[in-house]
Amino acid sequence: MILSNFHTHTSFCDGYDTPESIVLEAISMGFDTLGFSDHSHTAFDPVRSMSRENTAKYIKTVNELKEKYRDKIKILCGVEQDLFSDMPTDEYDYVIGAVHHIIKDGEYIQIDKSPTALRIAADKYFGGDLYSLAEEYYANMERLASRSDVDVMAHFDLVALFSGRMRDFDENNKRYKNAALHAMRRALENDKIIEINTFPVRRGFKVYPYPSEFLLKEVLHKKGKILFSSDSHKKNTLDNGFGIAQAYAYECGFSVIAIDRANDVLKNIE
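Since the model is a prediction, treat every value here as computed from it, not as a measurement.

Here the structure, examined in full by the defined rule, presents 14 aromatic pairs. Centroid distance Tyr137 to Tyr138: 4.9 Å. Interplanar angle 75°. Geometry classified as edge-to-face. Take Tyr137 and Tyr138: they sit in the same class, and that class is buried. Judged by centre distance (6.4 Å) and plane angle (75°), the rings of Tyr176 and Phe214 are edge-to-face. Of the two residues, Tyr176 is situated in helix H5 (residues 174-189) and Phe214 in helix H7 (residues 213-221); the sequence distance between them amounts to 38 residues. A relative accessible area of 18% means that Phe214 is categorised as buried. Feature note: the residues Tyr131, Tyr137, Tyr138, Phe156, Phe169, Tyr176 and Phe214 constitute an aromatic cluster, connected by ring pairs.

Okay, here's the thing in structure tokens:
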């Protein structure tokens with residue numbers, strides 16, 4: 001059983017519940033470790049990310065909860081750091097790196113907003129070519145993978161969230177796969193942990209978690225590290241989809257030992 005979640009959002013950003021209520025839920029579920037990872041302040045994305053004021057409050061609150069519940073659960077203070085955030089990361093126990101946007105002509109384009117928004121962006125900036133847009137996204141993922149402060153790569157193929165609802169977006173397309181694999185290899189070369197994220201299953205966008213099978217098999221081939229996460233925004237989704245994620249990892253070839261190690265990958269942080 002997976003008794004931890006390191007990708008957890010709270011009411012300090014776009015989550016629904018307070019950190020303490022999430023801690024109490026995790027304890028009731030028998031969790032041994034809980035990592036918080038609210039969205040770093042990103043100036044052009046105020047709806048999703050923490051404000052500067054809330055960032056300080058978030059760090060203070062989580063660190064207080066560490067001490068308050070230290071005899072019941074291990075708590076870590078992490079952050080989901082967007083590529084375009086200018087906030088420091090040195091106060092966190094770990095950093096989950098993420099790309100939610102690409103930039104064209106000075107405009108920040110959110111790539112996980114909706115299929116319609118993605119299509120409009122492709123038409124406006126890429127001549128209608130969704131694969132060019134995807135290549136731009138994976139170029140950003142390579143930049144993220146080169147950052148020394150990033151420990152975990154979040155929802156690696158987020159750009160393909162809506163591929164099942166867009167007829168001309170095929171994840172088996174050669175250009176798409178080449179861009180995605182090139183970015184994944186850069187991440188693995190830099191010893192980044194790859195997250196198996198159950199969010200798209202919970203929301204009904206995909207049958208399997210991120211990343212897609214061909215990417216996860218590349219992680220296996222390169223002996224990379226994996227981490228199971230629910231990308232939780234509500235306290236009742238802390239372990240959502242973990243059974244599916246474990247079965248998916250088995251199907252892709254990961255052993256019981258590899259999966260057990262994945263469960264413990266961030267638990268040794270002091």
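Now that the structure is up, let's keep going.
For the rest of this paragraph, the subject is the nonpolar core. In this structure, Tyr138, Phe156, Tyr176 and Phe228 are the most contacted members of the largest nonpolar core, which totals 79 residues. Per element, the largest residue contribution to this core is nine residues, and it comes from helix H4 (residues 130-145). Excluding residues that lie within four positions of it along the chain, Tyr138 makes contacts with Phe156, Asp157, Val159, Tyr176, Ala179, Ala180, Ala183 and Leu215. Within the second largest apolar cluster, 10 residues are counted, among which are Tyr94, Ala154, Ile193 and Leu266.

As a further point, take the sheet that holds strand S4 (residues 94-98). In space, the seven strands of this open sheet follow the order S1-S2-S3-S4-S7-S8-S9, with parallel pairing throughout. Whereas interior strands pair on both sides, the edge strands pair on one side only; in this sheet they are strand S1 (4-5) and strand S9 (226-229). Across two bridges, the pairing between S4 and strand S7 (residues 152-153) is parallel. Residue pairing in the sheet places Ile96 in a bridge with Val152 of S7.

What follows is about the packing of helix H1 (residues 19-28) against helix H2 (residues 52-68). Interhelical geometry of H1 versus H2 gives an angle of 35° and a closest axis separation of 10 Å. As for how H1 packs across H2, the hand of that crossing is right-handed. Contacts between H1 and H2 involve Pro19, Glu20 and Val23 from the former and Thr61, Leu65 and Lys68 from the latter. Across the contact of H1 with H2, the residue classes break down as three nonpolar, one polar and two charged.

For the structure shown, the criterion picks out 22 salt bridges. Salt-bridge contacts for Lys57 lead to Glu53; the nearest nitrogen and oxygen are separated by 3.4 Å. Of this pair, Lys57 and Glu53 both sit in helix H2, four residues apart, which is roughly one turn of that helix. The exposed category is assigned to Glu53, whose relative accessible area is 54%. Notably, a salt bridge pairs Lys60 with Glu64, separated by 2.5 Å at the nearest N-O pair. In this pair, Lys60 and Glu64 are both assigned in helix H2, four residues apart and thus about one turn of the helix distant. Residue class for Glu64 comes out partly exposed when judged on its relative accessible area of 43%. Via salt bridges that share partners, Asp32, Asp264 and Lys267 belong to a single interconnected network.

About the cut-offs
Residues numbered from 1 in each chain as written. Predicted model: local features only at pLDDT ≥ 70, side-chain atom pairs only at ≥ 80, totals over all residues. Heavy atoms only, no water. Phe/Tyr/Trp six-rings, centres within 6.5 Å; stacked < 30°, edge-to-face > 60°. Buried < 20%, exposed > 50% of the residue type's maximum accessible area, 1.4 Å probe, protein only. Helix = DSSP H or I, 4+ residues; strand = E, 2+ residues; numbered from the N terminus. Core = buried A, V, L, I, M, F, W, Y, C linked by side-chain atoms within 4.5 Å. Contact = heavy atoms within 4.5 Å. Pairing = 2+ DSSP bridges. Axes fitted to C-alpha atoms, helices over the stretch in contact; angles between N-to-C directions. Left-handed = near helix turned anticlockwise from the far one by under 90°. Nonpolar A, V, L, I, M, F, W, Y, C, P; charged D, E, K, R; others polar. Salt bridge = Lys/Arg side-chain N within 4 Å of Asp/Glu carboxyl O.

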